[in-house]
Amino acid sequence: QVQLIESGGGSVQTGGSLRLSCVASGRAFSSYAMAWFRQAPGKEREFVAVFSSGSFGASVYADSMKGRFTITKDNAKNTVYLQMNNLTPEDTAIYYCAARARMFGGSDSAAYDYWGQGTQVNVSS
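Rules behind the numbers
Residues numbered from 1 in each chain as written. Predicted model: local features only at pLDDT ≥ 70, side-chain atom pairs only at ≥ 80, totals over all residues. Heavy atoms only, no water. Disulfide = S-S within 2.5 Å. Helix = DSSP H or I, 4+ residues; strand = E, 2+ residues; numbered from the N terminus. Buried < 20%, exposed > 50% of the residue type's maximum accessible area, 1.4 Å probe, protein only. Contact = heavy atoms within 4.5 Å. Polar contact = N/O pair within 3.5 Å; in protein donor to acceptor, adjacent residues only side chain to side chain. Salt bridge = Lys/Arg side-chain N within 4 Å of Asp/Glu carboxyl O. Pairing = 2+ DSSP bridges. Axes fitted to C-alpha atoms, helices over the stretch in contact; angles between N-to-C directions.

## Focus: the state of the cysteines
- As enumerated under the stated definition, the model contains one disulfide in all.
- With its sulfur 2.1 Å from that of its partner, Cys22 forms a disulfide with Cys97. Note on the Cys22 and Cys97 pair: the S-S dihedral is about -80°, so by sign convention the disulfide is left-handed. In this pair, Cys22 sits in strand β3 (residues 18–24) while Cys97 sits in strand β9 (residues 93–100), placing the two residues 75 residues apart along the sequence.
- Taking the relative accessible area as the measure of exposure, Cys22 reaches 0% and is therefore buried.

## Some thoughts on the environment of Gln83
- Mapped onto the elements, Gln83 comes out in strand β8 (residues 79–84).
- Once the C-alpha coordinates of Gln83 and Ala62 are considered, the two residues, 21 residues apart in sequence, prove to be 14 Å apart.
- Leave out the neighbours within four places in its chain, and Gln83 touches Ser17, Leu18, Arg19, Arg68, Phe69 and Thr70.
- Among the polar contacts made by the side chain of Gln83, one reaches the side chain of Asn85 at a distance of 2.9 Å.

## Looking at the pattern of salt bridges
- Enumeration according to the criterion identifies four salt bridges in this entry.
- With its nearest N and O atoms 2.8 Å apart, the salt bridge here joins Arg38 to Asp91. Taken together, the positions of Arg38 in strand β4 (residues 33–39) and Asp91 in the loop between β8 and β9 put the pair 53 residues apart, joining distant regions of the chain. Comparing Arg38 with Asp91, the two get one shared label, buried.
- One salt bridge connects Arg68 with Asp91, and the closest N-O pair in it is separated by 2.8 Å. Remark: Asp91 occurs in the loop between β8 and β9 and Arg68 occurs in the loop between β6 (58–61) and β7 (69–74); sequence separation between them is 23 residues. By the burial criterion, Arg68 is buried, and Asp91 matches it.
- Taken together, the shared-partner salt bridges connect Arg38, Glu46, Arg68 and Asp91 into one network.

## Section: the sheet that holds β8
- Taken in spatial order, the four strands make up an open sheet running β1-β3-β8-β7, and their pairing is antiparallel. Both outer strands of the open sheet, β1 (4–7) and β7, are each paired with one neighbouring strand and no more. Adjacent strand axes in the sheet meet at a mean angle of 15° when their direction is disregarded.
- Judged from the six bridges that link them, β7 and β8 form a sheet pairing that is antiparallel. If you follow Thr70 over to β8, its bridge partner there is Gln83.

Below you can see the structure in the form of structure tokens.
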């Protein structure tokens, strides 16, 4: 069983930045694909970014996040980060960390095996 604990959410104004962190338990972290999803009030959960491991080692972003968000993975700390810059009110949501017990991860939330509780991000205009 893998536990994921997110932190770093909060309230910022338009144009501000936040860095989310997700610490994972377990010793297989380096071989997991790690992703971030978000869910805004009244909307479905949507894909934000994923970091695939091993030979896949690459980050993929949802189109609206490209150039503003950066996902990184620190295997030594069992932590995945999401640096969010130039935030807008449309980024207001609960942000969830997800882990897949495979090296490759995609944008389908159903493919992920473990989920954190989420961290709230509020962006005001």
